[in-house]
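# Coordinate inspection notes
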2 protein chains.
Amino acid sequence: MSDNKNTTGFGRRAFLGGSALGTGALLTGMVAPGASAQAQGPAPQVDFPADPRAFGGGGAAAGAVNRTEMDLVDCEVEGDWPADLDGAFYRVGPDPQYPKPPEWVGDIPFDGEGHVSMFRIKDGHVDYRTRYARNQRFKAQREARRSLFGMYRNPPTDDPSVEGLSRGTANTQLFVHHGKLLVYKEDSPPVAMDPLTLETTDDYYTFGGALESETHTAHPKIDPLTGEYIGFGYEATGFLSKDVNVFTADRDGNITWSVTVEAPYAGMMHDFCVTQDYVVLYLTNMAADAETIAANGPHFRYDPELPCYLGVLRRGGDGSDIRWLTGPNLFCTHVMGGWNEGNRIVVDMDGGEGNQFPFFPSKVPFDPQGSIGRIRRYTADLSDGSGTYQAETIFPEITGVLARQDDRYHTLPYRYGFLLATGPNGGWAVIDHETGTSRVLSVPGYSLSEMCFVPRSPDAPEGDGYLIGIGSSMEESERSDLILFDLQSGSNEPRARVRMPFKCVGQVHGFWADASAIEGASQG
Amino acid sequence: MSDNKNTTGFGRRAFLGGSALGTGALLTGMVAPGASAQAQGPAPQVDFPADPRAFGGGGAAAGAVNRTEMDLVDCEVEGDWPADLDGAFYRVGPDPQYPKPPEWVGDIPFDGEGHVSMFRIKDGHVDYRTRYARNQRFKAQREARRSLFGMYRNPPTDDPSVEGLSRGTANTQLFVHHGKLLVYKEDSPPVAMDPLTLETTDDYYTFGGALESETHTAHPKIDPLTGEYIGFGYEATGFLSKDVNVFTADRDGNITWSVTVEAPYAGMMHDFCVTQDYVVLYLTNMAADAETIAANGPHFRYDPELPCYLGVLRRGGDGSDIRWLTGPNLFCTHVMGGWNEGNRIVVDMDGGEGNQFPFFPSKVPFDPQGSIGRIRRYTADLSDGSGTYQAETIFPEITGVLARQDDRYHTLPYRYGFLLATGPNGGWAVIDHETGTSRVLSVPGYSLSEMCFVPRSPDAPEGDGYLIGIGSSMEESERSDLILFDLQSGSNEPRARVRMPFKCVGQVHGFWADASAIEGASQG
């Protein structure tokens, strides 16, 4: 790591705010236009900055980057791995490929290139593999051996040499459908990878050219009754556009429905909900902001004065029925589950009362208390003519983020939800809507990442199965275990673990795929 | 890790001695013949034993195994990497592929499968790659997902399914010659790998079928004047045979000279010395021992009653001139350098007064004091008719192991030698035969592995260049740095480092190859 060894005349600290990440720091680049010339001259030495608030700050030694593609066949396992568990647990997260040049060192963590990892589990044996998604950005930077893309979702900050390339990092979530491992960043179409080899097979996947949106959510959904894939993209018709494209693809990946609707404003729409009859979009007041972009900032600015919206449209329609409902202004990010009964819609999301992303610019100071996530139940009756939704906090004893469910129940009334619980009682929270009870599964000495639910078998009852995810041992320099809880065991101890020899690459989200979805799909 | 979960009825502790490795433990298998049936039934769960004295004991969490093949493009670097340094630093060491079944859990560390790593350095950028050598043993075990080979160099302990396969682990040293990365275990022919992709191109490399020995040393030599490759193999004509094959291959790998001589007994001949006129073998009293083998032990037994020998034969002759010289009974392992002036031979080796390998059986208790390595200068005058050599200790202020030199001076009088210095003044020792002085380069807080000398340029004077090798940070859970000292800098600080995000796989030895030896050689 270096502290001030760049020779451009711009000291790094000039671009850093006064407070640490997590307490409202804004480390965006503030350099006069034209200062960037990163693609000229020999590739600079690869040396991440020491300041932990900077992009990749602290480098590998600080756990800020990993950057290592790995194959570990037959991991060390412990405990009682279910012999019939046959599938793969996938994870993805940003893992900065290169340090940013000095002018963009204040870029946000969300802008790291997507590093995919997979635990292939079969017969009680576990193989681990990681690969970067070979998106257009990654390939251009590898060729140049340096960073070429500037600030988060801010194309004018890019090196001129990459004009026309996709900026997508493929770093947020992944999904297996129609034989492909699709890896997402919500500003771009997905990258397609082979589900077993993790070889990138398409650096810009558009469903055979049929995707009408220039973007694609990181959180598509599967209709468990039809096997259909439902996706959407915001800023769909161009950078900063208010258009939202919503589409359905069949089991073979053919797009069968696609409509484009207009949102009240361009803003972050990170997740969405699909019910049997409706698509429910959620627009947060993290607004795409031309001023922020012009000031070389990271695309968004939080504006609590703007209303948040539920955008509801009928599946299969022409989009003209879209209704943008208002209600309590919560800052929700991830959908746990949702369904409709006739015109009545229920959507459960996790979120805070205010901004949960302190690294984005904001019109108001960051409020740590207001960022605390809880489960928020949104309800709306489309036939009441009010144009509003209601929101209440359920399971208030649980605080956390990254809501999940048994995905086989998305679109349908559901009983079990899961949350990465934070705070003193941290762990994997299991909530039971039927009994109104919750419990938290934790591992002493470990910090847990987001989990996935794994059905015991494809036709097991709802919630009958496992929670799987990564834990980092605080006592062993964050060495990772893959941890498996059996939800029916009656025990609060993990049923089985994989002992990794290192700290695994970080993640945002994970995904479980049954062997039936990946075997035969691989071209490797 | 598990403690006693095997279901064969053989508790692990039954096979473990009472003292820890390094203080004379002998953990060899002691099971009645017929107890092993490891290839039957489903592949067992991969779970290394908890006992640190056992094979792979403690598993990855204890640093006993790594097992992960990695690619890290553009490592984080620090300091002043010489812009014109262009080549690759290779390393190899044993890295147990699978836990042993209970009957062989006392196998010795030397029996782990060879895991090769490479730092490719060019233009101040460093790429890291590791691959297991795909030897016959590795491939069979990967297919079976379990250990199939029993004790160290003890074929009767193998699973019957692997009869006829090479037992070679390719875990000791590597060398680039005639476009191949050759990886060695002294009980078998080398494995050939592509020098850049590290793909295994030949799992049993015999110089186009011309290798007359069934074995091959881990320490071949290059004649710097001719570019010839000189190798040898002991137990050359069969398991426990006393025959030693010595050969030369030209720059293209064609064997141009090959003779077989008989040693006084079959014993460990780990390294050797080549001078311009002679080949000098060194036979230690770590004897290949039928009793040890019959008792399911690891091939050798230390017997201080046996004499050690220097075996000297003229290069290019028919071998009939071989003379086995006796002298002070030291236990030497690695050759620093050597040359001859007419009939007078000088060979410098590191070694102790007694056994340096406590994990082998021994006729006498292990003596830690006697195992301490120093530089021993052997001299012999072949014309004096005495049949003896003389030995003296030089640079007595330096204790250590793993002697090296500027390899461009092997066979010739040389000035500079290097040693991995142990003890309170640990580090990389640089000795200067001309001035009789020594110094030790160390890195506070780091434990260093064996180093390699890197010439500043192919025609730089002797000793003008760098020392390169791995250091493990004791304060950061043994996280590794690749460390480069500039021997002409006048500084005792490293000139440059690579900061790795993890503890690198362990090594026995390393090797530096100039770009000219590897570019164009790669098939990848």
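Think of each chain on its own: its residues are numbered from 1, step by step along the sequence as written. To read the labels, note that chains go from A and ligands from 1, taken in the order they are written. Whole-chain, interface and lining totals are the exception, using all residues; otherwise, since this is a predicted model, local features are given only for residues with pLDDT of at least 70 and side-chain atom pairs are given and counted only at 80 or more. To obtain the side-chain values, all non-hydrogen atoms of the structure were used and water was disregarded.

As recorded in an unreviewed UniProt entry, chain A goes by Dioxygenase and comes from Aurantiacibacter gilvus. UniProt positions are given in the numbering used here, feature names are shortened, and annotations may be inferred rather than shown by experiment. According to UniProt, the comment filed for chain A under the heading Sequence similarities (unreviewed entry) is "Belongs to the carotenoid oxygenase family."

## A few points about the environment of B:Thr292
Runs of E in the DSSP output that reach at least two residues are strands. Runs of H or I that reach at least four are helices, and both are numbered from the N terminus. By the element assignment, B:Thr292 lies in helix H2 (residues 290-294). For the pair B:Thr292 and B:Gly168, spaced 124 residues apart in the sequence, the C-alpha separation amounts to 20 Å.

## Regarding the packing of aromatic side chains
All names here are of chain A. Geometry of aromatic contacts follows a simple scheme: Phe, Tyr and Trp rings, the Trp one being its six-membered ring, pair when their centres are within 6.5 Å, and the pair is stacked under 30 degrees between planes, edge-to-face over 60, tilted otherwise. The final tally for this structure, using the stated rule, is 62 aromatic pairs over all chains. Ring centres of Tyr-205 and Phe-207 lie 4.9 Å apart, and the angle between their planes is 50°; this geometry places the pair in the tilted category. Comparing Tyr-205 with Phe-207, the two get one shared label, buried. Relative to Tyr-414, the ring of Trp-339 has its centre 6.0 Å away and its plane inclined at 75°; by these criteria the two rings are edge-to-face. Here the residue Trp-339 occupies a position in strand S20 (residues 331-341), and Tyr-414 occupies one in the loop between strand S24 (400-405) and strand S25 (416-421), the gap between them amounting to 75 residues. Accessible area is worked out with a 1.4 Å probe on protein chains only. A residue is then buried under 20% of its type maximum, exposed over 50%, and partly exposed in between. The class for Trp-339 is buried, based on a relative accessible area of 10%. The buried category is assigned to Tyr-414, whose relative accessible area is 7%. The ring of Tyr-98 carries the charged tip of Arg-67 above its face, separated from the ring centre by 6.0 Å. In our convention, an over-ring charge means Lys NZ or Arg CZ found within 6 Å of a ring centre and within 35 degrees of that ring's normal.

## Topic: the interface of chain A and chain B
On the side of chain B, 39 residues touch chain A, which itself brings 39 residues to the contact. The term buried area denotes the loss of accessible surface (1.4 Å probe radius) that occurs when two parts are joined, taken as the sum for both partners. Overall, the association of chain A and chain B removes approximately 3,200 Å² of surface from exposure, summing both partners, and the carbon and sulfur fraction of that is 45%. Criterion for a salt bridge: a side-chain nitrogen of Lys or Arg within 4 Å of a carboxyl oxygen of Asp or Glu. The residue A:Arg145 makes a salt bridge to B:Asp127 at a minimum N-O spacing of 2.6 Å. Counting of polar contacts relies on pairs of N or O atoms within 3.5 Å, with two restrictions inside protein: one atom must be capable of donating a hydrogen and the other of accepting it, and residues adjacent in sequence are counted only when both atoms are side-chain atoms. Along the contact surface separating chain A from chain B lie 21 residue pairs in polar contact (both at pLDDT 80 or more). Contributing elements (two or more residues each) for the side of chain A that touches chain B: strand S1 (69-72), strand S2 (76-79) and strand S5 (125-132) of chain A. Relative to strand S1 (residues 69-72) of chain B, S1(A) runs antiparallel, the two being bridged by three bridges. In the strand pairing of S1(B), A:Asp71 is matched with B:Glu69. Pairs of residues are marked as contacts when any of their non-hydrogen atoms sit within 4.5 Å. Should DSSP find at least two bridges between two strands, the strands are regarded as paired.

## Comments concerning the relation of the copies chain A and chain B
Copies are brought into register by a least-squares superposition over C-alpha atoms of residues with pLDDT of at least 70 in both. Of the transformation placing chain A onto chain B, the axial shift is 0.0 Å and the rotation is 180°, giving an RMSD of 0.0 Å. What we have between these two chains is a two-fold relation. Looking at the rotation axis and the C-alpha trace of chain A, the residue lying nearest is A:Met70, at 2.2 Å. When you check the interface residues of chain A against chain B, 100% turn up at the interface there too, and the contact is symmetric in its surfaces.

## Description of the nonpolar core
The criterion is simple. A nonpolar core is a set of buried Ala, Val, Leu, Ile, Met, Phe, Trp, Tyr and Cys residues joined through side-chain atoms within 4.5 Å. Grouped together as the largest cluster of nonpolar side chains are 50 residues, with contacts concentrated most on A:Phe119, A:Tyr128, B:Phe119 and B:Tyr128. B:Phe119 has contacts with B:Gly87, B:Ala88, B:Phe89, B:Arg91, B:Val126, B:Asp127, B:Tyr128, B:Ile470, B:Leu482, B:Met500 and B:Cys504, leaving out every residue within four places of it along the chain.

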